[in-house]
Amino acid sequence: MDLFEYMRSTNMEKESPLAARMRPRTLEEVVGQEHIIGQDKLLYRAIKADKISSVIFYGPPGTGKTTLAKVIANTTSAEFTQINATVAGKKDMEDVVEKAKDVQGMYGRRTILFIDEIHRFNKSQQDYLLPFVEDGTIILIGATTENPYFEVNGALLSRSIIFELKPLPRDAVKELLKKAVYDEERGMGSYQAVIEEDALEFLADLSGGDARHALNAVELGVMTTPRGEDGKIHLTLEVAQECIQKRAVRYDKNGDDHYDTISAFIKSMRGSDPDAAVYYLARMLYAGESVTFIARRIMICASEDVGNADPMAMVVAANASLAVERVGMPEAQIILSQAASYVACAPKSNACVEAISQAMREVEKSGNLPIPAHLQDAHYKSSAKLGRGIGYKYAHDYPNNYVEQQYLPYELSGREFYTPSGNGYEVKIREHMKRIRSEAAAGGGTQETESL
């Protein structure tokens, strides 16, 4: 590196955005992602031992993919090269490979190639890398916000370990923001700024686990806010709202606002009011509520308040829960809206709630009553000698695939726990059960029952 290059890199380090300056340089400075860089985890051990193999970091923006690559660059003895797939072409990769061969031949050192936005490479570009990854000429570190199983060639995936990064927890974002405000070496400490607690909470919530987004807002606030009478820059809630261009709503995730809003949301779905349900959903989303928390509540409502009156409600709710984790915001709000409105409009029944509640009370009262012998397991040796399984009637051998026999313990003979309601699909369930039971009581018959 010549003098001019050194001066350029020094100036860039001083003048680069706050998010870049605050980027951790060592594993110890990294916050969050303990599931992959905890001290007992594979990635932590590999970085510390300088035995990194080809990896792909996958996760939302601002969660530390580039940061981990930089940490590896600071700790490895290998040659480290970085390119961005949005601007790099095949010629850039050819230059990297040639240099890697020279370094390996002359110095016996490996080359780590970090490709940011690797999903932007097309198939032929990814294929070009494959033989050099396979023979060890380069060690690939890819970073992508897209699902690598869809966007990265299977051959590269099979030669790489995939690490999924999660959105940073609120507390981790708060820790980063405080350090950014008060750190005089790399942060904004020399500006004598003070961040108020409600502003800190607001930015941590609104960041959605994206540290870069929150740090950019802090930098903008410090650089544009006039000093107060005490000579300090005060980052208030109002300043935070302006910097992130979003108005704060009163919503304490650990207080009344949180519980009141989720309560209203659930009761609106239970009360078959899709408009109110979507409104309270919007309030929670605007305030930065966790989409996974909302999805869990929709699933519970689909079972507790809809049940078998519309079994599809649980299917929609469960798939929405999976989808929001894979898609993330902002599109997740559409998925949640679909699920909440479906559950709200579905016919309602709490028959399943009543069934399990009564059954639990009965078990608590009567304990483990003997299971009828003909229902007991007859698959092990000598079970027949004990009378187990003898006399069991196989339902599929009878008309309508139904035969009367004792299923409950004899002490509970005739007891009913599940009583289908007169709503939605449970009407068909009730009619079906009544029909097959009456036909069996009348002597069977051969007519097939109407399919559910």
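Presented here is a report on the structure given in the accompanying data block. (Residues numbered from 1 in each chain as written. Predicted model: local features only at pLDDT ≥ 70, side-chain atom pairs only at ≥ 80, totals over all residues. Heavy atoms only, no water.)

### Digging into helix α12 (residues 211-224)
1) Next: Its 14 residues place the ends of α12 20 Å apart at the C-alpha level, agreeing with the 20 Å of an ideal helix rising 1.5 Å per residue.
2) Next: Among all positions of α12, only Ala-211, Ala-214, Leu-215, Ala-217, Val-218, Glu-219, Gly-221 and Val-222 are buried.
3) Next: Buried residues belonging to α12 abut α2 (18-21), α10 (170-182), β6 (193-195), α11 (197-206), β7 (233-235) and α13 (237-244).
4) Next: One side-chain oxygen of the residue at the start of α12 lies 3.1 Å from the amide nitrogen of Arg-212, identifying that residue as Asp-210. (Helix = DSSP H or I, 4+ residues; strand = E, 2+ residues; numbered from the N terminus. Expected span 1.5 Å × (residues − 1). Buried < 20%, exposed > 50% of the residue type's maximum accessible area, 1.4 Å probe, protein only. Contact = heavy atoms within 4.5 Å. Polar contact = N/O pair within 3.5 Å; in protein donor to acceptor, adjacent residues only side chain to side chain.)

### Re the packing of helix α16 (residues 291-306) against helix α18 (residues 332-345)
1) Next: The interhelical angle for the contact between α16 and α18, taken along N-to-C directions, is 15 degrees, at an axis separation of 10 Å. Taken together, the axes of α16 and α18 are roughly parallel relative to one another. Judged by the twist between their axes, the crossing of α16 over α18 is left-handed. Contacts from Val-291, Ile-294, Ala-295, Ile-298, Cys-301, Ala-302 and Val-306 of α16 reach α18 at Ala-332, Leu-336, Ala-339, Ala-340 and Val-343. (Axes fitted to C-alpha atoms, helices over the stretch in contact; angles between N-to-C directions. Parallel < 35°, antiparallel > 145°, perpendicular 65-115°, else oblique. Left-handed = near helix turned anticlockwise from the far one by under 90°.)

### Concerning a nonpolar patch on the surface
1) Next: Among the surface-exposed residues, Met-312, Val-315 and Tyr-342 lie close enough to one another that they form a single nonpolar patch of about 240 Å² accessible area.
2) Next: Since its relative accessible area comes to 43%, Met-312 is described here as partly exposed. (Patch = residues over 30% accessible without salt bridge, like charges linked within 9 Å, V, L, I, M, F, W, Y side chains within 5 Å. Areas by Shrake-Rupley, 256 points an atom, 1.4 Å probe, with all protein chains shown as cover. Salt bridge = Lys/Arg side-chain N within 4 Å of Asp/Glu carboxyl O.)

### Re unusual backbone geometry
1) Next: Across the junction of Met-329 and Pro-330, the peptide omega takes the value 10 degrees, indicating a cis bond.
2) Next: Unlike most non-glycine residues, Asn-401 shows phi in positive territory, near 55 degrees.
3) Next: Structurally, Asn-401 is set in the loop between α19 (351-366) and α20 (425-441).

### With respect to the environment of Pro-420
1) Next: Assignment of secondary structure puts Pro-420 in the loop between α19 and α20.
2) Next: The class for Pro-420 is buried, based on a relative accessible area of 13%.
3) Next: It is 9.6 Å that separates the C-alpha atoms of Pro-420 and Met-433, two residues lying 13 residues apart in sequence.
4) Next: Those residues in contact with Pro-420 that lie beyond four places of it in its chain are Ala-351, Glu-426, Ile-429 and Arg-430.

### Details of the pattern of salt bridges
1) Next: Considering all chains together, one arrives at 19 salt bridges under this definition.
2) Next: We note a salt bridge from Asp-305 to Arg-270, for which the minimum N-O separation is 2.8 Å. One end of the pair, Asp-305, is in helix α16; the other, Arg-270, is in helix α14 (residues 256-270), with 35 residues separating them in the sequence.
3) Next: A relative accessible area of 35% places Arg-270 in the partly exposed class.
4) Next: The partner of Arg-415 in a salt bridge is Glu-362, and the shortest N-O contact between them spans 2.6 Å. Of this pair, Arg-415 sits in the loop between α19 and α20 while Glu-362 is found in helix α19, placing the two residues 53 residues apart along the sequence.
5) Next: The class for Arg-415 is partly exposed, based on a relative accessible area of 33%.
6) Next: Residues joined by salt bridges that share partners form a network here, namely Arg-25, Glu-29, Glu-185 and Arg-186.

### What about the layout of surface pockets?
1) Next: Taken as a whole, the largest pocket holds about 1,600 Å³ of empty space.
2) Next: At the level of elements, α8 (148-151), α11, α15 (274-286), α16 and α17 (312-327) are the ones that each hand at least two residues to the lining of the largest pocket.
3) Next: Across the lining of the largest pocket, the residue classes tally to 21 nonpolar, 14 polar and 12 charged. (1 Å grid on protein atoms, 1.4 Å probe; cavity = no way out; pocket = protein on both sides within 12 Å on 5 of 7 lines; lining within 4 Å. Points joined across faces, edges and corners; volume = space filled by probe spheres on them. Nonpolar A, V, L, I, M, F, W, Y, C, P; charged D, E, K, R; others polar.)

### A look at the nonpolar core
Considering soluble globular proteins, one finds that nonpolar side chains tend to be buried as a cluster.
1) Next: Membership of the largest hydrophobic core comes to 33 residues, with the highest contact counts inside it found for Leu-177, Ile-195, Leu-203, Val-218 and Leu-235.
2) Next: At the level of elements, α2, α10, β6, α11, α12, β7 and α13 are the ones that each hand at least two residues to this core.
3) Next: Once residues lying within four places of it in the same chain are set aside, the contact partners of Leu-177 are Leu-200, Leu-203, Ala-204, Ala-214, Leu-215 and Val-218.
4) Next: In terms of nonpolar packing, the next biggest core, distinct from the first, is built from 29 residues, Val-291, Ala-295, Ala-313 and Val-324 among them. (Core = buried A, V, L, I, M, F, W, Y, C linked by side-chain atoms within 4.5 Å.)

### Focus on the packing of α15 against α18
1) Next: Packing of α15 against α18 brings their axes to within 9 Å, and their N-to-C directions diverge by 150 degrees. Considered as vectors, α15 and α18 are oriented roughly antiparallel to each other. Handedness of the α15/α18 crossing: right-handed. Touching Pro-274, Ala-277, Val-278, Leu-281 and Leu-285 of α15 are Gln-333, Leu-336, Ser-337, Ser-341, Ala-344 and Cys-345, all from α18.

### Details of the sheet that holds strand β2 (residues 79-84)
1) Next: Taken in spatial order, the five strands of this open sheet run β2-β3-β4-β1-β5, and their pairing is parallel. Each edge of the open sheet is held by one strand with a lone partner, namely β2 and β5 (161-164). Strand-to-strand twist of the sheet, defined as the mean angle between neighbouring strand axes without regard to direction, takes the value 15 degrees.
2) Next: Examined bridge by bridge, strand β1 (residues 55-58) and β5 share four bridges and lie parallel to one another. Residue pairing in the sheet places Ile-56 in a bridge with Ile-162 of β5.
3) Next: The sheet contacts of helix α5 (residues 65-75) involve β1, β2, β3 (111-116) and β4 (138-144), and relative to β1 the element is tilted by about 145 degrees.
4) Next: Sheet strands touched by helix α6 (residues 90-107): β2, β3 and β4. Its angle to β2, the strand with the most contacts, is close to 175 degrees. (Pairing = 2+ DSSP bridges.)

### Focus: the pairing of β4
1) Next: Among the seven residues in β4, seven count as buried, and that is most of the element.
2) Next: Every second residue of β4 is oriented toward a common face, with Ile-138, Leu-140, Gly-142 and Thr-144 on one face and Ile-139, Ile-141 and Ala-143 on the other, all of them buried.
3) Next: Bridging between β1 and β4 involves four bridges; their strand directions are parallel. Paired with Val-55 across the strands is Ile-141, a residue of β4.
4) Next: As judged from the six bridges shared by β3 and β4, these two strands associate in the parallel manner. Within β4, the position partnered with Asp-116 by the bridge is Ala-143.
5) Next: You can see the chain leave β3, run along helix α7 (residues 123-134) and come back into β4, and the turn it takes is right-handed. (Right-handed = clockwise from strand over helix to strand, strands pointing away.)

### Some thoughts on a negative patch on the surface
1) Next: Taken together, Glu-196, Asp-198, Glu-238 and Glu-242 make up a surface patch of like negative charges.
2) Next: The exposure class of Glu-242 is exposed, given its relative accessible area of 55%. (Lys, Arg positive; Asp, Glu negative; His and termini not counted. Charge placed at Lys NZ, Arg CZ, Asp CG, Glu CD.)

Bear in mind that shape data such as this cannot, by itself, settle questions of function.
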